[in-house]
Amino acid sequence: MTYGVREEPIINDVTEKEAMDSGLHMVARVISTGCASPGTILADCSPEFVDIYNSSDVIISKGQGNFEALSGEKGNLFFLLKAKCPAIAEKFHVKINDYIFHYENAKY
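Residues numbered from 1 in each chain as written. Predicted model: local features only at pLDDT ≥ 70, side-chain atom pairs only at ≥ 80, totals over all residues. Heavy atoms only, no water.

### Thoughts on the layout of surface pockets
Any empty space left between atoms is shown by rolling a water-sized probe over those atoms.
Then, number 1: The computed volume of the largest pocket comes to approximately 970 Å³.
Then, number 2: Taken together, 32 residues make up the lining of the largest pocket; nearest its centre are Gly4, Ile60, Ser61, Lys62 and Asn66.
Then, number 3: Mapped onto the lining of the largest pocket, the elements with two or more residues apiece are strand S1 (2-5), helix H2 (47-55), strand S3 (59-62), helix H3 (64-70) and strand S4 (75-82).
Then, number 4: Looking at the lining of the largest pocket, its residues break down into 16 nonpolar, eleven polar and five charged. (1 Å grid on protein atoms, 1.4 Å probe; cavity = no way out; pocket = protein on both sides within 12 Å on 5 of 7 lines; lining within 4 Å. Points joined across faces, edges and corners; volume = space filled by probe spheres on them. Helix = DSSP H or I, 4+ residues; strand = E, 2+ residues; numbered from the N terminus. Nonpolar A, V, L, I, M, F, W, Y, C, P; charged D, E, K, R; others polar.)

### As for unusual backbone geometry
Then, number 1: A positive phi is found at His93, a non-glycine position, where the angle reads about 60 degrees.
Then, number 2: For His93, the position within the fold is in the loop between helix H4 (86-92) and strand S5 (99-106).
Then, number 3: Note on His93: relative accessible area 73%, which makes it exposed.
Then, number 4: Backbone geometry places Asn97, a non-glycine residue, at a positive phi of 80 degrees.
Then, number 5: Mapping Asn97 onto the fold places it in the loop between H4 and S5.
Then, number 6: For Asn97, a relative accessible area of 46% gives the class partly exposed. (Buried < 20%, exposed > 50% of the residue type's maximum accessible area, 1.4 Å probe, protein only.)

### Section: the packing of aromatic side chains
Then, number 1: Enumeration according to the criterion identifies four aromatic pairs in this entry.
Then, number 2: A centroid spacing of 5.0 Å and a plane angle of 85 degrees characterise the contact between Phe67 and Phe79, whose relative ring orientation is edge-to-face. Within this pair, whereas Phe67 is found in helix H3, its partner Phe79 is found in strand S4, the two being separated by twelve residues in sequence. Both residues of the pair, Phe67 and Phe79, belong to the buried class.
Then, number 3: Ring geometry for Phe78 against Phe101: centres 5.6 Å apart, planes inclined by 20 degrees, an arrangement best described as stacked. Note that Phe78 is positioned in strand S4 and Phe101 in strand S5, a separation of 23 residues in sequence.
Then, number 4: Linked through ring pairs, Phe67, Phe79 and Phe92 together constitute an aromatic cluster. (Phe/Tyr/Trp six-rings, centres within 6.5 Å; stacked < 30°, edge-to-face > 60°.)

Spelled out as structure tokens, the structure:
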């Protein structure tokens, strides 16, 4: 299992140092995505992260920023996010502040 984190602080995302300090590295490999955006934009990620992403059987992506950046990307994707705006709430037919677990299997 690999856990991708931010290299530098962005909004409230966990950085590599914070993940290590929490002990997350005891249960998963922790690496930086290399991306400096609030969402994981694969074109901006490190080659190491992209290789791991592309070879993963299952990808669980947390947060609205990652949903916005990765939706439609190739992969066996599960999104876990909170509907923070009317557009996302409407897209998923939920109320604002509801939690969403969405499966997206993009094969192109």
